[in-house]
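# Architecture and fold: a report
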Amino acid sequence: MDYTRQLHDHGLRVTRQRLAVLRFLEAHPHSSADTVVSGVRDELPDLSMQSVYNVLNDLTALGMLRRFTPPGSAALHETRVDDNHHHAVCMSCGRIEDVECAVGHAPCLTPSDSHGMSIQVADVVYQGVCATCREAAQAAEASAPRGLSHGRVA
């Protein structure tokens, strides 16, 4: 991505902080502000949490970043903003995967009542258990003791 051009197109100065946050989120989508700060501090050790919040808020307001909040999670950010994709969240480990638009074109889902609004985006979060967590649970269940045998735990 040419973030320098995008920042200029939005009338923003190109700063090391903005570029570092954008590059980090491109490589690590679905990151919280805390995760962004930790990751970007490798490149910019003096970067403050407030600076990261400012960059995240500014770039989200301009549409260069997308913010979403899965149930039970802090707000997460990503650079994928040019479509109306959704997210699948593992309720066990918290892993998040992008899910392409459910059906048809944006906004993907037609509400039964739009309440007079012109719907632009349908934000869906699918919740479940990922294959890795299911396999780990099955393995733990298979290796668990199965009751008593001759007065001892088998």
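Structural notes, computed from the coordinates. (Residues numbered from 1 in each chain as written. Predicted model: local features only at pLDDT ≥ 70, side-chain atom pairs only at ≥ 80, totals over all residues. Heavy atoms only, no water.)

## Observations concerning the sheet that holds strand E2 (residues 66–68)
- Within the open sheet, the three strands sit side by side as E1-E3-E2. Their pairing is antiparallel. The strands lining the two open edges of the sheet, one partner per strand, are strand E1 (31–32) and E2.
- Across two bridges, the pairing between E1 and strand E3 (residues 76–78) is antiparallel. If you follow Ser31 over to E3, its bridge partner there is His77. (Pairing = 2+ DSSP bridges. Helix = DSSP H or I, 4+ residues; strand = E, 2+ residues; numbered from the N terminus.)

## Thoughts on the pattern of salt bridges
- Applying the stated criterion across every chain, the model contains eight salt bridges.
- Glu78 serves as the salt-bridge partner of Arg66, at 3.7 Å between the closest nitrogen and oxygen. In this pair, Arg66 sits in strand E2 while Glu78 sits in strand E3, placing the two residues 12 residues apart along the sequence. Both residues of the pair, Arg66 and Glu78, count as buried.
- Arg80 serves as the salt-bridge partner of Asp83, at 2.4 Å between the closest nitrogen and oxygen.
- Taking the relative accessible area as the measure of exposure, Asp83 reaches 28% and is therefore partly exposed.
- Where salt bridges share partners, they join Arg80, Asp83, Asp98 and Glu100 into one cluster. (Salt bridge = Lys/Arg side-chain N within 4 Å of Asp/Glu carboxyl O. Buried < 20%, exposed > 50% of the residue type's maximum accessible area, 1.4 Å probe, protein only.)

## Concerning the sheet that holds strand E4 (residues 86–90)
- As summarised here, the arrangement of the three strands in space is E5-E4-E6, forming an open sheet in which the pairing is mixed. Two strands lie at the open edges of the sheet, namely strand E5 (96–99) and strand E6 (125–128), each paired on one side alone. Strand-to-strand twist of the sheet, defined as the mean angle between neighbouring strand axes without regard to direction, takes the value 25 degrees.
- Judged from the four bridges that link them, E4 and E5 form a sheet pairing that is antiparallel. Paired with Ala88 across the two strands is Glu97, which belongs to E5. (Axes fitted to C-alpha atoms, helices over the stretch in contact; angles between N-to-C directions.)

## Describing the side chain of Ser31
- Tracing the chain through its elements places Ser31 in strand E1.
- Within the local environment of Ser31, its side chain forms a polar contact with the backbone oxygen of His28, the two atoms lying 2.6 Å apart.
- If sequence neighbours within four positions are ignored, Ser31 has contacts with Phe24, Leu25, Val36, Ala75, Leu76 and His77. (Polar contact = N/O pair within 3.5 Å; in protein donor to acceptor, adjacent residues only side chain to side chain. Contact = heavy atoms within 4.5 Å.)

## Considering the state of the cysteines
- Following the criterion strictly, the structure yields zero disulfides and no others.
- No disulfide involves Cys93; its sulfur sits 3.6 Å from the nearest other cysteine sulfur, which is in Cys133.
- Distance from the sulfur of Cys130, which forms no disulfide, to the nearest cysteine sulfur (Cys133) is 3.6 Å.
- Since its relative accessible area comes to 12%, Cys130 is described here as buried. (Disulfide = S-S within 2.5 Å.)

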